[in-house]
Amino acid sequence: MTPASRNEQMEAASWIWCDTPPHEPNQYALFRRELELPAGLGPVSISLCADSRYWLYANGTRVGFGPGRYSVEEPLYDTHDLTPYLHAGANVIAVRVYGMGQVYRCSSFMPVRCGLVAVVTTGNTVLTTDAAWKTRHDPAYTNGTPRYSNHQGHVECYDTRAALPHWAEPDFDDSAWQPATLLGKTSTLPPWERLRPRDIPLLTLEPRLPVRIVESGVLLLPAGEAPPPLATQAELLAHAPRLPDEAATRHLTPTATLPLELESPAQDQLAYALFDFGSVSAGYLSLRLRGEDGSVVDLGYLESTHAGKWDLHKEGIRYGDRVVVGPESAEFHTTFPKTLRYLLVAVSGKAVVEALRHEVSTYPMQWRGGFWSADPVLDTAWHIGAHTVQICAEDIYMDTPRRERAGWLGDLRIEALAAAHAFGDTRLARHSLGLFFQSQDRPGRDTDYGPEHPGWVSARYPSIDAYRMPDFNASLALPVRDYLLHSGDTGWVRALWPRLLRVTEHLESYRHAGGLVEWGDLGKPGAGYILVDWAPFARPPASAPLNLLYAGHLGAAVEIARHLGLRADAEALAARRKSLVAAIRTELWDARRGVFVNAPGSPRAGYHENLLALLYDVALPEQATSICQQLLAGRQTLPTWLPEKGYELWKALREGHTPPWDDSEWVPVGSPYFTFFALEALFETGHARLALDTVRTQYGRCLAAGATSTWEQWDGSTSHSHGWGAAPTIQLPRYVLGVAPLEPGYTRFEALPTPGGLAHAGARIPTPHGIILAEYEATTGRAHLRLRVPPGTEALAGLPGATGLLELEGCPAPQTQTHTLRRGPYQTLRLGPGDYRLSAPLCDLS
């Protein structure tokens, strides 16, 4: 069947629901469709979509789940092959659907109304969702539960005694179930009129078992608070005094052998055990439990136990669920994925955990890239960055799967680049970018920016409010350029180009007297803010970081236009960049202090605007020299801002307040997000040792605290699974080995190492043409580079140094040239596909 004909079938099908109003929040519905199949029928498939999540079963076997995140006007449907699960005779297709309904503020879904639509194809027969599907609400779930946060859905409360065992199997008696309620056909049910097939692979489900029980005993709750109310469950569990009590646990071993019996000793006490899964991951929790009738099992999900504290209520998130058990063994599978390293199981009454696993669920990626060196901190920083990006990669690149589960345009760039280096995947980047561009100027649901100068795309997808981060739009061309270079997908980028120009035209409308971009709403509560970093730099209308990121955007747009052969557009964009750069040099340079400042006339200055000025080649040579003398000379590592405990910078920004700071001091780097820009600036301008020492210091501090993933902030006070911290995964192969694409899809690439004092380093970089293998080694007086150039590509390869004999396979290399980058000169030559060994006199550019 062609995609077009399947689209037509889906658009002609009806959406269905159970007998409750589809707009009510937090609903669980069960659906069954019986079908009789003859022998030798052939393939059977189902295409389906749901608002907001479905779990599909065939004859009682779980087949899959979804859907992927989509633009609300074009829901994406999934297609599953049912053939392996069906047989001749009576069969049942069953679907459990969670409907979020209409809720206020949510960035995990874009809910409209609860519903399910499906098309089943069996030979020449097509069955669609209609009144022949039987349904009922799921009686095991409590509907009126609080939400985890304003970004996510509702706490799950499941009573195994009310569950319907075997409801998805053919022999189940559904005679009391009702025919499905028809909501309307897709083609006439706004805003769902256009259904499209899923454009990314289905997510994984990989079981992971706990490695140990790290703690057990009794939690002491306030009088009358056991079991804790769901509204305060996470907070009470997080802060309850803990006492060891061997009598509270049965069959407890260090290796987490199950079954595990937990019994609360008193009414206001909970027996608990804390399971460790070894590292932070995201996925679905699955348990099999039984116990005394009505016993309550509270589940808490922790990323860390830093300083002995449990973070299951960090940032006010209710990060826990509840299962009520009876004497019969029953299973509970969470509807939403949970991000955790540790699982807290706390029992009021008596319960037995018979089985436990965490089904890791991410976008499917194969670990094809790698980095290794003489420094284990660098190697581990590369690895945890890749691991965190995989955690944050589902149906969009999320900032963190723990707190928001939302896509952020700024985080997207770092995560997509890290995925390209570690996994060679660019498909999710395309999907994520496409969703952002689909949000362009959509009123109400995503944006309200206009209409006098239309062009904005959402800073967050999906968006739950009107808060704007213009710096994300002002750097939008950068992830598009990255995608083009790493994927080679010129056709898609060419189709996207008019929308990217529209963003640029819109940003140009904010250019005012003096030539700078001025975001006039800054300083008004709720009007938006410039992120760039969690650091106390001033953010007035003509913010320096905003203008410098826009200079980077224009430069990247020029590159894209040239790769696409759009000469006139490239020239026009280059002229705009030239004008902006001149304005930045004039309006933002403080000649007295010898640095760029936060805004025209501002007394505040620091690393952000000055490193960005170096990175995007805005600073004149004499300005660059002054910046390096003022901010970098004598530094062993970049300074890091660690806020006072309890201070939340984002609240001050959203309220329009300028964070306090001593303006006689340079504003330091505040988060792993800006570290990405900072490291790139240092490497680009020949400060490789400082860059590597900064990685060792900043990431080494996290590793010493037990990090298995990258954090949102350096003090660990917020998310411990934040993909924007993956800078080393990108920049160690990119600069230490010097491998970067010069043409779309790596058809031409450079391999120009900047080892920064390392005696040995190597990397595997996946490309559309195969793996680039690069390995650098310094011996007595000599530098060596081993390089594998994949078929279909050409390399500009070399070693640092302006003079000296470059050798190829131990002989003088023919047709060498001196290639000068901002970080220094290289002796280079062009190489076609094959394996090579270059060597030259040792020269350290850093």
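Fair warning: this is a prediction, and the values are worked out from it, not measured in the lab.

### A few points about the overall build of the chain
Regarding its fold elements, the chain presents 16 helices and 41 strands. The C-alpha atoms of the chain give 28 Å as radius of gyration, which agrees with the globular expectation for 846 residues (28 Å, within 12%). Taken along its principal axes, the extent of the C-alpha atoms in the chain is 85 × 65 × 60 Å. When the 846 residues of the chain are sorted by exposure, 63% land in the buried category. Working note: accessible area of the chain is about 29,400 Å², and carbon and sulfur atoms make up 52% of it. When the 75 positive and 92 negative side-chain charges of the chain are each reduced to one mean point, those points stand 3 Å apart.

### Focus on the pattern of salt bridges
According to the stated counting rule, one finds 47 salt bridges in the structure shown. Its salt-bridge partner being Arg-782, residue Glu-807 comes within 3.4 Å of it at the nearest N-O pair. Separated by 25 residues along the polypeptide, Glu-807 in strand E37 (residues 807-808) and Arg-782 in strand E35 (residues 782-789) bring together distant segments of the chain. When salt bridges that share partners are traced, they join Glu-315, Asp-399, Arg-403, Glu-404 and Glu-712 into one network.

### Some words on the packing of helix H5 (residues 427-438) against helix H8 (residues 490-508)
Two measures define how a pair of helices packs: the angle their axes make with one another and the distance between the axes. At a minimum axis separation of 11 Å, H5 and H8 run at an interaxial angle of 40°. Accordingly, the angle class assigned to the pair H5 and H8 is oblique. Between H5 and H8 lies a crossing whose hand is left-handed. Mapping the contact onto sequence places Arg-430, Leu-433, Gly-434, Phe-437 and Gln-438 in H5 and Trp-492, Leu-496, Arg-499, Leu-500 and Val-503 in H8. In the contact of H5 with H8, the residues fall into 6 nonpolar, 2 polar and 2 charged.

### Here we look at the nonpolar core
Of all hydrophobic cores here, the largest spans 184 residues; its most connected members are Tyr-397, Leu-611, Leu-632 and Leu-787. When residues in this core are grouped by element, the largest group, 12 residues, is from helix H9 (residues 544-563). With 39 residues, the next largest nonpolar core counts Tyr-98, Tyr-158, Leu-230 and Leu-285 among its residues.

### A short note on helix H12 (residues 621-632)
With 12 residues, H12 should reach 16 Å at 1.5 Å per residue; the first-to-last C-alpha distance of 15 Å fits that figure. Among the residues making up H12, those that are buried are Gln-623, Ala-624, Ser-626, Ile-627, Cys-628, Leu-631 and Leu-632. Along its buried surface, H12 packs onto helix H10 (567-587), strand E29 (589-590), strand E30 (595-596), helix H11 (607-615), helix H14 (672-684) and helix H15 (688-704). Following H12 by one or two positions, Gly-634 adopts a phi angle in the positive range, close to 80°.

### Focus on the pairing of strand E24 (residues 338-348)
For E24, a buried count of 11 out of 11 residues is recorded, marking the element as mostly surrounded by other parts of the structure. In this sheet, E24 lies alongside strand E20 (residues 269-291) in antiparallel orientation, the contact comprising 9 bridges. In the sheet register, Asp-276 faces E24, and the bridge partner there is Tyr-342.

### Regarding the sheet that holds strand E39 (residues 817-821)
The strand order across the open sheet built from 5 strands is E31-E32-E36-E40-E39, with neighbouring strands paired in mixed fashion. If you trace the sheet from one side to the other, it starts and ends with strand E31 (739-741) and E39, each paired once. Strand-to-strand, the axes of this sheet are offset by a mean angle of 30°, without reference to chain direction.

### Details of the state of the cysteines
A complete count under the given rule lists 0 disulfides for this structure. The closest cysteine sulfur to the non-disulfide-bonded Cys-843 is located on Cys-628, 18 Å from its own sulfur.

### Notes on the sheet that holds strand E2 (residues 27-37)
The strands making up a sheet are joined through hydrogen bonds of the backbone, oriented either antiparallel or parallel. Pairing within the open sheet is antiparallel, and its 6 strands lie in the order E5-E4-E7-E2-E10-E12. Only two strands of the sheet have a single partner each, and these edge strands are strand E5 (61-66) and strand E12 (178-179). Here strand E4 (residues 53-58) runs beside strand E7 (residues 89-99); their pairing, made up of 6 bridges, is antiparallel. Opposite Tyr-57, over in E7, you have Ala-94 as the bridge partner.

### Some details on unusual backbone geometry
The omega angle of the peptide bond from Pro-190 to Pro-191 is 5°, so this bond is cis rather than trans. Within the secondary structure layout, Pro-191 lies in the loop between strand E13 (181-185) and strand E14 (196-197). Unusually for a residue other than glycine, Arg-405 sits at a positive phi of about 60°. Inspection of the secondary structure puts Arg-405 in the loop between helix H3 (376-392) and strand E27 (407-408). Judged by its relative accessible area of 6%, Arg-405 falls in the buried class. Phi at Glu-809 takes a positive value of approximately 55°, unusual for a residue other than glycine. Looking at where Glu-809 falls in the secondary structure, it is placed in the loop between E37 and strand E38 (811-812).

### Some words on the confidence of the model for the chain
The pLDDT averaged across the chain works out to 92; a share of 95% of its residues lies at or above 70. Taken as a whole, residues 444-451 scores under 50 in pLDDT and shows 24 contacts with residues more than four places along the chain or in a different chain.

### Thoughts on the packing of aromatic side chains
The geometry of an aromatic ring pair is captured by the separation of the ring centres together with the interplanar angle, meaning the angle of the planes. This structure, assessed with the given rule, holds 34 aromatic pairs. Summarising the aromatic geometry, the rings of Tyr-141 and Tyr-158 are spaced 4.9 Å apart at their centres and angled 65° between planes, so their arrangement reads as edge-to-face. Pair noted here: Tyr-141 is in the loop between strand E10 (134-137) and strand E11 (157-159) and Tyr-158 is in strand E11, with a separation of 17 residues, a long-range link. Classification of Tyr-141 by relative accessible area gives buried; the value is 6%.

### Observations regarding H11
Burial analysis of H11 places 9 of its 9 residues in the buried class, the great majority of the element. Considered for burial, the residues of H11 that qualify are Tyr-607, His-608, Glu-609, Asn-610, Leu-611, Leu-612, Ala-613, Leu-614 and Leu-615. Residues of H11 that are buried in the fold lie against H9, E30, H12 and H14. Looking at the residues trailing H11, positive phi occurs at Asp-617, about 55°.

### A closer look at the side chain of His-421
Topologically, His-421 is positioned in helix H4 (residues 409-422). On the basis of relative accessibility, which here comes to 4%, the residue His-421 falls in the buried class. At a separation of 2.9 Å, a polar atom in the side chain of His-421 contacts the main-chain carbonyl oxygen of Leu-417. Once you skip the residues sitting within four places of it in the chain, His-421 turns out to touch Gly-369, His-486, Thr-729, Ile-730, Pro-733, Arg-734, Arg-764 and Pro-766.

Conventions and cut-offs
Residues numbered from 1 in each chain as written. Predicted model: local features only at pLDDT ≥ 70, side-chain atom pairs only at ≥ 80, totals over all residues. Heavy atoms only, no water. Helix = DSSP H or I, 4+ residues; strand = E, 2+ residues; numbered from the N terminus. Rg over C-alpha atoms; globule rule 2.2 N^0.38 Å. Buried < 20%, exposed > 50% of the residue type's maximum accessible area, 1.4 Å probe, protein only. Areas by Shrake-Rupley, 256 points an atom, 1.4 Å probe, with all protein chains shown as cover. Lys, Arg positive; Asp, Glu negative; His and termini not counted. Charge placed at Lys NZ, Arg CZ, Asp CG, Glu CD. Salt bridge = Lys/Arg side-chain N within 4 Å of Asp/Glu carboxyl O. Axes fitted to C-alpha atoms, helices over the stretch in contact; angles between N-to-C directions. Parallel < 35°, antiparallel > 145°, perpendicular 65-115°, else oblique. Left-handed = near helix turned anticlockwise from the far one by under 90°. Contact = heavy atoms within 4.5 Å. Nonpolar A, V, L, I, M, F, W, Y, C, P; charged D, E, K, R; others polar. Core = buried A, V, L, I, M, F, W, Y, C linked by side-chain atoms within 4.5 Å. Expected span 1.5 Å × (residues − 1). Pairing = 2+ DSSP bridges. Disulfide = S-S within 2.5 Å. pLDDT = per-residue confidence, 0-100. Phe/Tyr/Trp six-rings, centres within 6.5 Å; stacked < 30°, edge-to-face > 60°. Polar contact = N/O pair within 3.5 Å; in protein donor to acceptor, adjacent residues only side chain to side chain.

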